[in-house]
Amino acid sequence: MKIHRGRLPGAATQHRTDTFTGAVWADPVLAERHPPRTVNTVCFTPGARTFWHSHGDGQILIVTHGRGFAHTRDGAAAPLTAGDVVYVPPGEEHWHGAADDTMLVHVAVSLGETRWLEEVAEELYRRVQGAGRAG
Ligand code: MN
């Protein structure tokens, strides 16, 4: 057994850029290579989000602050708020991120290899945002 106390000792907070839109910061909490298992506390600034992607063995997101969205290819975008827990099954293509007027902070438990895809189009993000507001 190994206890991880909030973040990996000595690891700097990471400014995530390549596969994210907007300013996203992540604190590594746990990083195991074999098999790949990571836990990160991720802070999305308003309007920031991941690219489309999937996780080889799935992902669990625990929302701790703010509001945002999780969205799959074939599903409606689900609004997220503190206390929500999202389960993403292995291989399901999706993205997650903040609403445009607030941060979103979640703890991401990511299992297996992450497969990164294309950026979430601004038009799609706007549409999700509008639907979230109406609902
Ligand atoms: Mn994900």
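Remember, it's a predicted structure, so these values are computed and weren't measured experimentally.

Visitor: I would appreciate a short explanation of the pattern of salt bridges in the present structure.
Guide: One side chain can pair with another of opposite charge once the charged atoms of both are near each other. Inspection of every chain in the model, using the stated rule, returns 10 salt bridges. Notably, a salt bridge pairs aspartate 101 with arginine 67, separated by 3.1 Å at the nearest N-O pair. Remark: arginine 67 occurs in strand 7 (residues 59-72) and aspartate 101 occurs in the loop between strand 10 (94-98) and strand 11 (104-111); sequence separation between them is 34 residues. Residue aspartate 101 is classed as partly exposed on the basis of its relative accessible area of 47%. Judged by its relative accessible area of 39%, arginine 67 is partly exposed. Where salt bridges share partners, they join Arg49, Asp100, Glu122 and Arg126 into one cluster.

Visitor: Please explain the packing of aromatic side chains as it appears in this structure.
Guide: How two aromatic rings sit relative to each other is set out by the distance from centre to centre and by the angle between their planes. Counted according to the given criterion, the structure contains three aromatic pairs. A centroid spacing of 6.3 Å and a plane angle of 45° characterise the contact between phenylalanine 20 and phenylalanine 44, whose relative ring orientation is tilted. Residue phenylalanine 20 is found in strand 2 (residues 20-21), and its partner phenylalanine 44 is found in strand 4 (residues 37-44); the two are separated by 24 residues along the sequence. Plain terms: the ring middles of phenylalanine 20 and tryptophan 116 are 5.6 Å apart, the flat faces sit at 55° to each other, and that makes the pair tilted. Placement of phenylalanine 20 in strand 2 and of tryptophan 116 in strand 12 (residues 114-116) is noted, with a sequence separation of 96 residues between them. Chaining the aromatic ring pairs together yields one cluster made of Phe20, Phe44 and Trp116. The ring of tyrosine 125 is capped by arginine 49, whose NZ or CZ atom sits 4.2 Å from the centre of that ring. A cation over a ring is seen here: arginine 73 above tryptophan 52, with NZ or CZ 4.0 Å from the ring centre.

Visitor: Got a minute to help me understand a nonpolar patch on the surface in this structure?
Guide: Taken together, the side chains of Ile60, Ile62, Val85 and Tyr87 make up a nonpolar region of the molecular surface, amounting to roughly 370 Å² of accessible area. Secondary structure elements with two or more residues in the nonpolar patch: strand 7 and strand 9 (85-88). Among the structural elements, tyrosine 87 can be located in strand 9.

Visitor: Sorry if this is basic, but what is going on with the coordination of the manganese ion here?
Guide: Six octahedrally arranged donors around a metal ideally form angles of 90 or 180 degrees; four tetrahedrally arranged donors ideally form angles of 109.5 degrees. The protein atoms donating to the manganese ion are His53 (NE2), His55 (NE2), Gln59 (OE1), His94 (NE2) and His96 (NE2), with metal-donor distances spanning 2.1 to 2.2 Å. Counting the intervening residues between successive donors of the manganese ion yields the motif H-x1-H-x3-Q-x34-H-x1-H. Considered together, histidine 53 and histidine 55 belong to a single accessibility category, that of buried residues.

Calculation criteria
- Residues numbered from 1 in each chain as written.
- Predicted model: local features only at pLDDT ≥ 70, side-chain atom pairs only at ≥ 80, totals over all residues.
- Heavy atoms only, no water.
- Salt bridge = Lys/Arg side-chain N within 4 Å of Asp/Glu carboxyl O.
- Helix = DSSP H or I, 4+ residues; strand = E, 2+ residues; numbered from the N terminus.
- Buried < 20%, exposed > 50% of the residue type's maximum accessible area, 1.4 Å probe, protein only.
- Phe/Tyr/Trp six-rings, centres within 6.5 Å; stacked < 30°, edge-to-face > 60°.
- Lys NZ or Arg CZ within 6 Å of the ring centre and 35° of its normal.
- Patch = residues over 30% accessible without salt bridge, like charges linked within 9 Å, V, L, I, M, F, W, Y side chains within 5 Å.
- Areas by Shrake-Rupley, 256 points an atom, 1.4 Å probe, with all protein chains shown as cover.
- Donors = N, O, S within 2.8 Å, 3.2 Å for Na, K, Ca; no water.

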